[in-house]
Amino acid sequence: MNIIVTGGAGFIGGNFVHMMVQQYPKDNIICLDALTYAGNMETVAPVLEAPNFQFVKGDIADRDHVYALFAQVHPDIVVNFAAESHVDRSIVHPELFLQTNIMGTGVLLDACRKYGIQRYHQVSTDEVYGDLPLDRPDLFFTEETPLHTSSPYSASKASADLLVLAYHRTYGLPVTISRCSNNYGPYHFPEKLIPLMIINALHDKPLPVYGTGENVRDWLFVKDHCRAIDMIIRNGTVGEVYNIGGHNEQTNLDVVKTIIHTLGKSEALIHFVKDRPGHDRRYAIDPTKIRTHLGWEPETRFADGISQTIQWYLDHRPWWEHIISGDYQQYYERMYGDRA
Ligand code: NAD
Ligand code: TYD
């Protein structure tokens, strides 16, 4: 099979590409990525020389480029990870999120209609459901929970989900959607909570906790997410939405303290800072459907996953040091500038 993976130079897409290239040597994995600030060729580097892998630099919203790629590759499956993904950035520049997350998804869907496809899979987020109150631990997001977004990011992701479902209903496009909770693990871009705290703590820099730190996220190890997506594209039912999460709720403050203690640092590094506008209080996924329909279960407990993740950041300093210094953005030109 030919599988186009968009956003494969980012955090989750990168982990997915590594898994697919290794696990399915007979499938061709074609990564389409615009290499925005969040895309990093050093994330793709471990599979670059693999015979079943190809990297293509391009924007999912560039219709001509996407059509040309589909005409050349004739993908059987498209998995769309490409997105602007950071809530704080969406508050400052919402328009970028509409362009990539909505318009880009629309272009991919049109390409799937035009060239034919076995499956289009949209990687969505639990943030499309909005948030849950902190004092109702009995409430969870199911696939039936109404969409009720808070940030420009989540609104753009929910819009894309609706477009994907509309293309299924109207044109019969064979689609699936997954809505996952917060991921953590290797290759997570340093602007997000967990890597930011690890890297700041390593430098004995203040750890900026928004508001009171009581907001709750439902953390899932990235490899469990990737495995779930693979199960959905192979065995999921067309037209269905699957929530993905492992019942691992933690307050932000608890996550930060775990990182501090693992690294042997002091809690005095914690600095409470001004809250994020519209800050979602609690996310919590009910994963019953994917468990009962597809037999998916998370394999990595948070205690193990967070230790592995911290160790990964300790073992892969050049990866994040190049990001912090800005060097990673020249890497593509340096490595591939004269290869094209
Ligand atoms: P990321 O920001 O780390 O990576 C995004 C990737 O997409 C980057 O490689 C970037 O270069 C690429 N990209 C951005 N705009 C593009 C465009 N116009 N054309 C082509 N490529 C483009 O994001 P992530 O955290 O890996 O998230 C991947 C997907 O998973 C997103 O759709 C996100 O909404 C979703 N998701 C993320 C989480 C999470 O916890 N990170 C949880 C649930 C769902
Ligand atoms: P983030 O990693 O941005 O993911 P999301 O907003 O999509 O859940 O943030 C996770 C949580 O951590 C969220 O409640 C905001 C909070 N946060 C901080 O307290 N400080 C920070 O520096 C960052 C980046 C996030």
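Structural notes, computed from the coordinates.

Here is what the cut-offs are and how they apply
- Each chain carries its own residue numbering, running from 1 in the direction its sequence is written.
- Starting at A for chains and at 1 for ligands, labels are handed out in the order in which the entities are written.
- With pLDDT at 70 or above as the cut-off, local features in this predicted model cover only qualifying residues; side-chain atom pairs require 80 or more to be listed or tallied, and sums for whole chains, interfaces and linings still use all residues.
- Hydrogens and water are ignored here; the side-chain numbers use all heavy atoms of the structure.
- Think of it this way: any DSSP run of H or I at least four residues long counts as a helix, any run of E at least two long counts as a strand, and we number them from the N terminus.
- Only a single heavy atom is needed: when it lies within 4 Å of a molecule or strand, its residue is near that molecule or strand.
- Pairing of N or O atoms within 3.5 Å defines a polar contact, subject to two protein rules: one partner must be a possible hydrogen donor and the other a possible acceptor, and residues neighboring in sequence count only if both atoms are side-chain atoms.
- In this classification, the charged set is Asp, Glu, Lys and Arg, the nonpolar set is Ala, Val, Leu, Ile, Met, Phe, Trp, Tyr, Cys and Pro, and all remaining amino acids, among them Gly, are polar.
- Centres within 6.5 Å make a pair out of two Phe, Tyr or Trp rings, where for Trp the six-membered ring is used; the pair is then stacked when the planes are under 30 degrees apart, edge-to-face when over 60, and tilted otherwise.
- Each residue's exposure class comes from its accessible area (1.4 Å probe, protein chains only) as a fraction of the maximum for that residue type: buried when under 20%, exposed when over 50%, partly exposed otherwise.
- Contact between two residues is taken to exist if any of their heavy atoms lie within 4.5 Å; hydrogens are not considered.
- Axes here mean lines fitted to C-alpha atoms, for a helix over just the part in contact, with angles spanning 0 to 180 degrees between N-to-C directions.
- In this scheme the crossing of two helices becomes right-handed for a clockwise turn of the near helix relative to the far one and left-handed for an anticlockwise turn of less than a right angle.

Next up on the list: unusual backbone geometry. A positive phi is found at Leu35, a non-glycine position, where the angle reads about 50°. In this structure, Leu35 sits in the loop between β2 (28-33) and α2 (41-44). Although it is not a glycine, Tyr187 sits at a positive phi angle of roughly 70°. Within the secondary structure layout, Tyr187 lies in the loop between β7 (183-184) and α7 (193-202).

In the vicinity of ligand 2 lie 18 residues, with Glu127, Pro208, Arg217, Arg276 and His279 positioned nearest. Interatomic distance of 2.8 Å between a backbone N/O atom of Pro208 and a nitrogen atom of ligand 2. Arg217 is positioned such that a nitrogen or oxygen atom in its side chain is 2.7 Å from an oxygen atom of ligand 2. Those elements giving two or more residues to the shell around ligand 2 turn out to be α7 and β8 (207-210). Partitioning the shell around ligand 2 into residue classes produces eight nonpolar, five polar and five charged.

A word on the packing of aromatic side chains. Geometrically, a pair of aromatic rings is defined through the distance of the ring centres and the angle of the planes. By the definition in use, this model includes 17 aromatic pairs. Seen from their ring centres, Tyr167 and Tyr171 are 4.9 Å apart, and the 65° between their planes marks the pair as edge-to-face. A residue pair is termed a helical-turn pair when its members lie 3 or 4 positions apart in one helix, as Tyr167 and Tyr171 do in helix α6 (residues 152-171) at four residues. Look at Tyr167 and you get buried, because its relative accessible area is 11%. Tyr171 gets classed as partly exposed once you look at its relative accessible area, which sits at 42%. An angle of 80° between the planes, with centres 6.4 Å apart, marks the rings of Tyr184 and Trp219 as edge-to-face.

We now examine α7. Along an α-helix, residues three or four positions apart point the same way, because every turn accommodates 3.6 residues. Buried residues dominate α7, accounting for eight of its 10 residues. The set of residues buried in α7 consists of Ile194, Pro195, Met197, Ile198, Ile199, Asn200, Ala201 and Leu202. Those residues of α7 hidden inside the fold are in contact with β7, β8, α9 (252-262), α11 (302-315) and α12 (317-325). Following α7 by one or two positions, Asp204 adopts a phi angle in the positive range, close to 55°.

Below, the discussion takes up the side chain of Lys192. By the secondary structure assignment, Lys192 is in the loop between β7 and α7. Among the polar contacts listed, one links the side chain of Lys192 to the side chain of Ser85, at a separation of 2.9 Å. Ignoring any residue separated from it by four or fewer positions in sequence, one finds Lys192 in contact with Ser85 and His86.

Taken N-terminus to C-terminus, the directions of α7 and α9 make an angle of 35°; their axes are 10 Å apart at the nearest point. The two elements α7 and α9 cross, and the hand of that crossing is right-handed. Taking contact as the criterion, the partners of Leu193, Ile194, Met197 and Ile198 in α7 are, on α9, Asn252, Val255, Val256 and Ile259. When grouped by side-chain class, the residues that make up the contact of α7 with α9 number seven nonpolar, one polar and no charged.

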